[in-house]
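Coordinates in review
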Amino acid sequence: MRWVDAYFPFTHPSWELEVKFEGDWLELVGCGVMEHDILVNGGAENKIGWAFGIGLERLAMKLFNIPDIRLFWSEDLRFLSQFEGNQIVEFKPFSKYPPTYKDVAFWLPDNFSPNNLFDVVRGVAGDIVEKVELVDKFSHPKTQRESHCYRITYRSMDKTFTDSEINSIQDLVREEIKKDCL
């Protein structure tokens, strides 16, 4: 462990307690002597005060392999749904970039398999396909022939897609669906 001089807005002098964990220094405690004006304003002018905070988030970051402390204040269900009480699980990264949605609709052939469709979409677009989901079904009132509409969610881990990038990929996906699924 080591004490390091630090700056916090309401204490002077201020320090951080760091511990060596898996070869890296990890901040656990920030502390300092409270600024006297704060004590005066609080009616404790003849006192000395200490302020400190424990960085339990930093331990949790190591325990769950979470790369960014700001995720702890997120309301994103992609983060929150990964954790349950009394279980230690490794955090699964997700993209901070917005999704792009594209729909594809077609009449179902007799031998249609949704799993085949999913394989084709992922085979063309790879890891940028986050989800393929059925969003609508239609049955022709006279022929009873069925049509499905699937929504493909594209998302990159490292950038926001442009419309032209996704449209090019979606065109390839449609061509492969025609060849392999219909």
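Residues numbered from 1 in each chain as written. Predicted model: local features only at pLDDT ≥ 70, side-chain atom pairs only at ≥ 80, totals over all residues. Heavy atoms only, no water.

Within an unreviewed UniProt entry, the label attached to the chain reads phenylalanine--tRNA ligase, and the organism entered is Desmophyllum pertusum. Quoted verbatim from the Subcellular location (unreviewed entry) field of the UniProt record, the comment on the chain reads "Mitochondrion matrix". We quote the UniProt Catalytic activity (unreviewed entry) comment for the chain here in full: "tRNA(Phe) + L-phenylalanine + ATP = L-phenylalanyl-tRNA(Phe) + AMP + diphosphate + H(+)". (UniProt positions renumbered as here; feature names shortened; annotations may be inferred.)

With 20 residues, the main nonpolar core has F106, L117, V121, I152, Y154 and I177 as its most contacted residues. For this core, the elements supplying multiple residues, two or more each, are β5 (100–107), α4 (114–125), β6 (129–139), β7 (146–154) and α5 (163–180). When sequence neighbours within four positions are dropped, the list of residues in contact with I177 reads V104, F106, L117, V120, V121 and L182. Core analysis: the next-biggest nonpolar cluster, separate from the first, contains seven residues, A60, M61, I66 and F79 among them. (Core = buried A, V, L, I, M, F, W, Y, C linked by side-chain atoms within 4.5 Å. Buried < 20%, exposed > 50% of the residue type's maximum accessible area, 1.4 Å probe, protein only. Helix = DSSP H or I, 4+ residues; strand = E, 2+ residues; numbered from the N terminus. Contact = heavy atoms within 4.5 Å.)

Let us look at unusual backbone geometry. Geometrically, the link from H12 to P13 is a cis peptide bond, its omega value of -5° lying close to zero. Position of P13 relative to the elements: it lies in strand β2 (residues 11–21). Positioned with a positive phi, E22 is a non-glycine residue whose angle comes to about 50°. Looking at the element boundaries, E22 is found in the loop between β2 and β3 (24–34). You can call E22 exposed: its relative accessible area is 66%. Positioned with a positive phi, N86 is a non-glycine residue whose angle comes to about 60°. Looking at N86, the relative accessible area reads 88%, which means it is exposed.

Read across the sheet, three strands follow the order β5-β7-β6 without closing on themselves; strand pairing throughout is antiparallel. Two strands close off the open sheet at either side, each with one partner strand: β5 and β6. Averaged over neighbouring strand pairs, the angle between their axes works out to 20° when direction is ignored. Note that β6 and β7 share nine bridges and pair antiparallel. In the sheet register, K137 faces β7, and the bridge partner there is H148. Contacting β5, β6 and β7, α4 crosses the sheet at an angle of about 140° to β6. Sheet strands in contact with α5 are β5 and β7, and its direction is about 25° off that of β5. (Pairing = 2+ DSSP bridges. Axes fitted to C-alpha atoms, helices over the stretch in contact; angles between N-to-C directions.)

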